[in-house]
Amino acid sequence: QQQVKQSPQSLIVQKGGISIINCAYENTAFDYFPWYQQFPGKGPALLIAIRPDVSEKKEGRFTISFNKSAKQFSLHIMDSQPGDSATYFCAAGDQTGANNLFFGTGTRLTVIP
Amino acid sequence: DTAVSQTPKYLVTQMGNDKSIKCEQNLGHDTMYWYKQDSKKFLKIMFSYNNKELIINETVPNRFSPKSPDKAHLNLHINSLELGDSAVYFCASSQEVASRPTGELFFGEGSRLTVL
């Protein structure tokens, strides 16, 4: 059973455009929501994370929007650049005392110059 | 200076063989993990160790056995390899702050296992 649903599976955006990736979850025990970025041949790396006590978090061109009542969260990449081309994973975890993250299925982003 | 390093990066082997993947982290983290990424890029946790103690053991065949000689190392041994074991295996580490997960995992570069 997929704990975190992610869409779209792939996304093609023009340079300078906005990339939007959406995720949804069911488990209300989840209370932290990181996004990871993975380049080919590399391991995932933390991009940005949010906890449910805030509805939005921004770091540079990357913004997470969080809707607790709808159990949805999304990543917006403003002014998308070719260097942003990568696979993006949303994830969710709870207070089990360990970082037991449930990952979404990933979105392959391609930014066209 | 690599934070989480795993070896080998590539592993090609025949069905039925036994193989190991080694992982070391120099971040001083207390918790280490093994994740499996399949051909569709789906990432799933296999094991988690905290200070050498097993704390997460997802539904993984018992042909997979993790070993943590100290908190900086977590190795993965796989017996009787099957075709379906072909995947990229990622080691990761993390630190908790005040017993609260930070949500930040530091991943190695992965070990691509191909079973023929």
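The coordinates are above.
A short tour of the structure in this document, coming up. All residue numbers refer to positions counted from 1 along the written sequence of the respective chain. Each chain is given a letter, starting from A, and each ligand a number, starting from 1, according to the order in which they appear as written. Given that the model is predicted, a residue must reach a pLDDT of at least 70 before its local features are reported, and side-chain atom pairs must reach 80 or more before they are shown or counted; all residues, however, enter totals for whole chains, interfaces and linings. Only hydrogens and water are set aside when side-chain values are computed; all heavy atoms of the structure are taken into account.

Moving on, we come to the environment of Pro52 of chain A. Only runs of H or I of at least four residues qualify as helices and only runs of E of at least two qualify as strands under DSSP, and these elements are numbered from the N terminus. Turning to its location among the elements, Pro52 of chain A is positioned in the loop between strand E5 (45-50) and strand E6 (56-59). Along the chain, Pro52 of chain A and Phe73 of chain A lie 21 residues apart, while their C-alpha atoms are 9.8 Å from each other.

A cis amide bond, omega -5 degrees, links Ser7 of chain A with the succeeding residue Pro8 of chain A. In the segment running from Thr7 of chain B into Pro8 of chain B, the intervening peptide bond is cis, with an omega of 0 degrees. Turning to its location among the elements, Pro8 of chain B is positioned in the loop between strand E1 (4-7) and strand E2 (10-13).

All right, on to the sheet that holds strand E8 (residues 73-78) of chain B then. Adjacent strands of a sheet pair through backbone hydrogen bonds, lying either parallel or antiparallel. All names here are of chain B. The strand order E1-E3-E8-E7 describes an open sheet built from 4 strands, whose pairing is antiparallel. The strands lining the two open edges of the sheet, one partner per strand, are E1 and strand E7 (64-70). In this sheet, neighbouring strand axes are inclined to one another by 20 degrees on average, regardless of whether the strands run parallel or antiparallel. In terms of strand pairing, E7 meets E8 through 5 bridges, oriented antiparallel. Within the sheet, the bridge partner assigned to Asp70 lies in E8 and is His73. Two strands pair under a simple rule: DSSP has to find at least two bridges between them. What counts as an axis is a line fitted to C-alpha atoms, over the stretch in contact for a helix, and the angles between N-to-C directions run from 0 to 180 degrees.

What follows covers the layout of surface pockets. Where empty space is left becomes clear once a probe the size of a water molecule has been rolled over the atoms. Residues and elements named next belong to chain B. Cavity and pocket criteria rest on a 1 Å grid covering protein atoms alone: a 1.4 Å probe that fits but cannot get out defines a cavity, protein on both sides within 12 Å along at least 5 of 7 lines defines an open pocket, and an atom within 4 Å of a point defines a lining residue. Grid points are joined across faces, edges and corners, and a volume is the space filled by probe spheres set on the points. Each pocket or cavity is described by its volume, and for the largest pocket that value is around 330 Å³. Lining the largest pocket are 20 residues, with Gln37, Lys41, Ala87, Val88 and Arg112 positioned closest to its centre. Counting residues per element, the ones that place at least two in the lining of the largest pocket are strand E9 (87-94) and strand E13 (111-115). Residue contributions to the lining of the largest pocket peak at 4 residues, all from E13. Classes in brief: Ala, Val, Leu, Ile, Met, Phe, Trp, Tyr, Cys and Pro nonpolar; Asp, Glu, Lys and Arg charged; the others, Gly included, polar. Of the residues in the lining of the largest pocket, the class split is 6 nonpolar, 8 polar and 6 charged.

Moving on to the interface of chain A and chain B. The contact criterion used throughout is that any non-hydrogen atoms of two residues lie within 4.5 Å. Of the residues lining the interface, 24 residues belong to chain A; the matching set on chain B comes to 25 residues. Two parts placed together each lose some accessible area under a 1.4 Å probe, and adding up what both lose gives the buried area. Summing both partners gives a buried area of about 2,000 Å² for chain A against chain B, and 51% of it is carried by carbon and sulfur. The salt bridge criterion pairs a side-chain nitrogen of Lys or Arg with a carboxyl oxygen of Asp or Glu, the two atoms within 4 Å. At the boundary of chain A and chain B, one finds 1 salt bridge. Salt-bridge contacts for Glu109 of chain B lead to Lys42 of chain A; the nearest nitrogen and oxygen are separated by 2.9 Å.

Residue and element names in this part refer to chain A. For every residue, the accessible area (1.4 Å probe, protein chains only) is compared with the maximum for its type, and the residue is labelled buried under 20%, exposed over 50%, or partly exposed between those bounds. Within strand E4 (residues 33-38), 6 of the 6 residues are buried, which leaves it mostly tucked inside the rest of the structure. Residue alternation in E4 divides its side chains into two sets, Phe33, Trp35 and Gln37 and Pro34, Tyr36 and Gln38, and both sets are buried. In terms of strand pairing, E4 meets E5 through 5 bridges, oriented antiparallel. In the sheet register, Tyr36 faces E5, and the bridge partner there is Leu46. Counting the residues between successive antiparallel strands, the hairpin from E4 to E5 contains 6 residues, one of them, Gly41, with a positive phi of roughly 80 degrees.

Okay, the nonpolar core next. Note on soluble globular proteins: their nonpolar side chains tend to be buried together. Nonpolar cores were defined as sets of buried Ala, Val, Leu, Ile, Met, Phe, Trp, Tyr and Cys residues, with membership established by side-chain atoms within 4.5 Å. If you look at the biggest cluster of nonpolar residues, it comprises 24 residues, and the most contacted ones within it are Val4, Phe33, Trp35, Phe73, Leu75, Tyr88 and Leu109 of chain A. Mapped onto this core, the elements with two or more residues apiece are strand E2 (10-14), strand E3 (19-25), E4, E5, strand E7 (62-67), strand E8 (72-77), strand E9 (86-92) and strand E11 (107-112) of chain A. It is E9 of chain A that provides the largest number of residues to this core, a total of 4 residues. Counting residues in hydrophobic clusters, the runner-up holds 20 residues, among them Val4, Val60, Phe64 and Leu74 of chain B.

On to the state of the cysteines, then. As used here, a disulfide is simply a covalent bond connecting the sulfur atoms of two cysteines. Criterion for a disulfide: a pair of cysteine sulfur atoms at a distance within 2.5 Å. The final tally for this structure, using the stated rule, is 2 disulfides over all chains. Two residues share a disulfide in this structure: Cys23 of chain A and Cys90 of chain A, whose sulfurs sit 1.9 Å from each other. In this structure the cystine formed by Cys23 of chain A and Cys90 of chain A twists about its S-S bond by roughly -95 degrees; its chirality is therefore left-handed. Here Cys90 of chain A lies in strand E9 and Cys23 of chain A lies in strand E3, a separation of 67 residues in the sequence. With respect to burial, Cys23 of chain A and Cys90 of chain A carry one shared label: buried. Between the sulfur atoms of Cys23 of chain B and its disulfide partner Cys91 of chain B the distance amounts to 1.8 Å. In this structure the cystine formed by Cys23 of chain B and Cys91 of chain B twists about its S-S bond by roughly -80 degrees; its chirality is therefore left-handed. Note that Cys23 of chain B is positioned in strand E3 (residues 19-25) and Cys91 of chain B in strand E9, a separation of 68 residues in sequence.

Any functional reading would require information beyond the geometric quantities listed.
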